[in-house]
Each structure stands twice: as structure tokens, then as C-alpha cells.
Amino acid sequence: SSSSRDEALRDKRVRILSRGLPKQKPIEGVKQVVVLASGKGGVGKSTTAVNVALALAANDSTKEVGLLDADIYGPSIPKMMNLKGNPELTTKNLMRPLKNYGIACMSMGFLIEETAPVVWRGLMVMSAVEKLLRQVDWGQLDYLVIDMPPGTGDVQLSVSQNIPIAGAVIISTPQDVALLDARKGAEMFRKVHVPVLGLVQNMSVFQCPKCKHETHIFGADGVRDLAKTLGLDILGDIPLHINIRETCDSGQPVVISQPQSDA
């Protein structure tokens, strides 16, 4: 069948890409790396990554947290973290992350104009990812949260195979179309021996602000069902709420601006 052929091709690609790669080398100064990923775009992965980084810092003020935007084509961390400008260079020619809300951030968005498209082929993208991983002075971090691009392509494989990752978190909406891709994402991390910490169900329910009626716009328990199938934990269930969208768009994510809210 075509699905088994696709699976065989994916396995072959993983094997080929794993040949002759350098051994995993930790990022200097970084203790733990957590990647947030999704199979499909538009499921709220970057919004979740930003709020997870802020939550890790808020949960323990003694911990230093960084946030790396590995989405080269569509960097959104600068806007969500309310950061602009170009990184300064150290005497060792390393880029210094920009900082807000106590989180050190690095993104392709700091290196190009805000409205400029990144019209690059794969090799240039991989070179950019390598620079973001290896040519940044993170100082001393307890956690580095990496916001991955959607999908299961070269960037995900390169990051997974070049640095030790403590675990991956998969974000999905309960919609069937998103779940198909979320499953592929979880399986990809398993194949490259990255522990999957669990799944986050995003945009799970919408409550009308006037009548309080709840509607499952994208479906009810799709991610929960997928987690059971894969033997994984559900780490969170996030509603579809206007505050989450508005706060990220304004550069004041909900964890920092409305820490007491349900969201």
C-alpha cells in the first residue's frame, strides 16, 4: 500500500541521515533541552512554547530559562516575547540572546527584517539552524526550550541528532487532520531516540463569553485518544480563548500577564 511505502521511505531517510553524523554534542552552558513540536502548523505550538518557557521560570525563580526559535521560515518568538533588534556579538564572535521577562531568546527574526521572507533552500536553512545552536552565548541555562518548525523534516532531524534532548512535547488540536501529523511527529522522535514527554491538547473547547455555552470547535478528545493509543501522557488541555491569542499578539503572554487566569 502507499502508506507502507511512505513508511519505508521515511525509515530509509532516517537511516541515511543518521550515517556519519557527528556524535551529539551538548550546547555549552545548557543543562536540559526541551523541544516543542507539532506535525501540523497552526495548532498553537509557538504560543505554547513561549508560555512553557515563562512557566518554567515562574515555577522556580532559581532556574535560568532560554527560548530558541528554530522556525527559520516563520519566526514568531520576537513578536510574542515583545523583542526587537539585532543580537550583540561577544569577543568570541558569539551572538548574545535578547532578553525579556527574564527569558533569553534567539530567533531568525532578530537577524532579518520583520517583513522579509526567508527564500532559502534546505542547505541554507540547515546552516542557519547550526548557527542558532552553536554560535549563541547562552550563558548558564537550566532549561532551553526549542520551538521547532512544524513537520518532520530536516530541521527536526538535525536538531534531534546533533544535541542531547531531555524530551519532546507534541502539540495538537483535537482535529483529525492535526492528529494524523501529531502521530507522525511522535513516531519520528521515537525513531531518533528522543523521549516524548507527552502531548498537549490545544484549542480543545470554546466557551461563549456571553452565554457560557461550551463548543468543541475542533473536536472533543482527539489528543487524549491519541495519547492512549501511543501510551503517552496528556500534559495539558488548553481552551480556545481570546486572551491567549491577544496576549501573545501583544507580546505579553498569558502566563506573565494573567498568571491567575484559568488559561
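Above this text you will find the structure in question.
What you are looking at is a predicted structure, and each value in this text was computed from that prediction instead of being measured.

Q: Where do I start with the overall build of the protein in this structure?
A: Regarding its fold elements, the protein presents nine helices and 10 strands. Relative to a compact globule of 263 residues, whose C-alpha radius of gyration would be 18 Å, the protein shows 18 Å and is just as compact. Dimensions of the protein, computed from C-alpha atoms along their principal axes, come out at roughly 60 × 50 × 35 Å. The buried share of the protein, reckoned over its 263 residues, is 44%. In the protein, of all internal contacts separated by at least 6 residues, the share reaching a separation of at least 24 is 75%. In the structure as shown, the protein presents an accessible area of about 14000 Å², 52% of it carried by carbon and sulfur atoms. Computed over 29 positive and 27 negative side-chain charges, the inter-centroid distance for the protein is 6 Å.

Q: Explanation requested: unusual backbone geometry in the structure shown.
A: Across residues other than glycine, the phi torsion is negative in most instances, and most of the peptide bonds are trans. The backbone of asparagine 82 sits at a positive phi, close to 55 degrees, despite the residue not being glycine. At lysine 212, a residue that is not glycine, the phi angle is positive and equals roughly 70 degrees. In this fold, lysine 212 is placed in the loop between β8 (206-207) and β9 (214-215).

Q: What is the right way to look at the layout of surface pockets in this model?
A: If a probe as big as a water molecule is rolled over the atoms, it shows which places are left empty. Considered as a void within the structure, the largest pocket measures approximately 840 Å³ in volume. Lining the largest pocket are 36 residues, and of these Asn51, Ile238, Ile244, Val254 and Ala263 sit closest to its centre. When residues of the lining of the largest pocket are traced back to their parent elements, those giving at least two are α2 (45-59), β7 (196-201), β10 (234-237), α8 (242-249) and α9 (254-257). By residue class, the composition of the lining of the largest pocket is 22 nonpolar, 10 polar and four charged. Computed from the structure, the second largest pocket encloses a volume of approximately 450 Å³. Looking at the second largest pocket, it is lined by 22 residues, and the ones nearest its centre are Pro78, Leu83, Lys84, Gly109 and Glu114. For the lining of the second largest pocket, a count of residues per class yields 10 nonpolar, seven polar and five charged.

Q: Is there a simple way to think about the pattern of salt bridges in this case?
A: Opposite charge on two side chains makes pairing possible when the charged atoms of those side chains draw close. Taken as a whole and judged by the stated rule, the model has 10 salt bridges. For lysine 191, the salt bridge is made with aspartate 11, and the minimal N-O distance between the two is 2.6 Å. With lysine 191 in helix α6 (residues 176-191) and aspartate 11 in helix α1 (residues 2-18), the pair connects residues that are 180 residues apart, well separated along the chain. A residue is classified by how much of its surface remains accessible, and lysine 191, at 33% relative accessible area, is partly exposed. For arginine 96, the salt bridge is made with glutamate 88, and the minimal N-O distance between the two is 3.7 Å.

Q: Where do I start with empty space enclosed by the protein in this structure?
A: As enumerated under the stated definition, the model contains one cavity of 30 Å³ or more in all. As a volume, the largest cavity reaches approximately 30 Å³. Forming the boundary of the largest cavity are Ala37, Ser38, Gly39, Gly151, Thr152, Gln156, Ile170, Gly185, Met188 and Phe189. At three residues, α6 tops the list of elements feeding residues into the lining of the largest cavity. Grouping the constituent residues of the lining of the largest cavity by class yields four nonpolar, six polar and no charged.

Q: Looking at this model, I keep getting lost on the packing of α6 against helix α7 (residues 222-230). Mind explaining?
A: Two quantities define a packed helix pair, namely the angle between the axes and the distance from one axis to the other. Between α6 and α7, the shortest axis-to-axis distance is 11 Å and the interhelical angle comes to 30 degrees. Here α6 runs over α7; the crossing is right-handed. Of the residues in α7, those touching α6 at Leu179, Ala182, Arg183, Ala186, Glu187 and Arg190 are Gly222, Val223, Leu226, Thr229 and Leu230. For the contact of α6 with α7, a count of residues per class yields six nonpolar, two polar and three charged.

What counts, and at which threshold
Counting of residues starts from 1 at the beginning of each chain's written sequence and follows it residue by residue. Since the coordinates come from a predicted model, pLDDT governs what is reported: local features require at least 70, and pairs of side-chain atoms require 80 or more to be given and counted, while whole-chain, interface and lining totals use all residues. For the side-chain quantities, the full set of heavy atoms in the structure was used; hydrogens and water were omitted. Comment: elements are numbered from the N terminus, with helices defined as DSSP H or I runs of at least four residues and strands as E runs of at least two. Atoms counted for the radius of gyration: C-alpha only. Globule rule: 2.2 Å times residue count to the power 0.38. Type-normalised accessible area, obtained with a 1.4 Å probe on protein chains alone, sets the label of each residue: buried when under 20%, exposed when over 50%, and partly exposed for intermediate values. By definition, residues are in contact when any of their heavy atoms lie within 4.5 Å. Note that accessible areas follow from Shrake-Rupley with a 1.4 Å probe, and for residues the cover is restricted to the protein chains shown. Positive charges come from Lys and Arg, negative ones from Asp and Glu, while His and the chain ends are left out of the count. Just so you know, the charge point we use is NZ for Lys, CZ for Arg, CG for Asp and CD for Glu. Using a grid of 1 Å spacing that covers the protein atoms alone, one calls a set of points a cavity when a 1.4 Å probe fits there but cannot get out, and a pocket when the set is open and has protein on both sides within 12 Å along at least five of seven lines; lining residues are those with an atom within 4 Å of a point. Grid points are joined across faces, edges and corners, and a volume is the space filled by probe spheres set on the points. Amino acid classes used here: Ala, Val, Leu, Ile, Met, Phe, Trp, Tyr, Cys and Pro are nonpolar; Asp, Glu, Lys and Arg are charged; the rest, including Gly, are polar. What makes a salt bridge here is a side-chain nitrogen of Lys or Arg within 4 Å of a carboxyl oxygen of Asp or Glu, nothing more. To get an axis, fit a line to the C-alpha atoms, keeping to the stretch in contact for a helix; angles then go from 0 to 180 degrees between the N-to-C directions. For a crossing to be left-handed, the near helix must be turned anticlockwise from the far one by less than a right angle; the clockwise case is right-handed.

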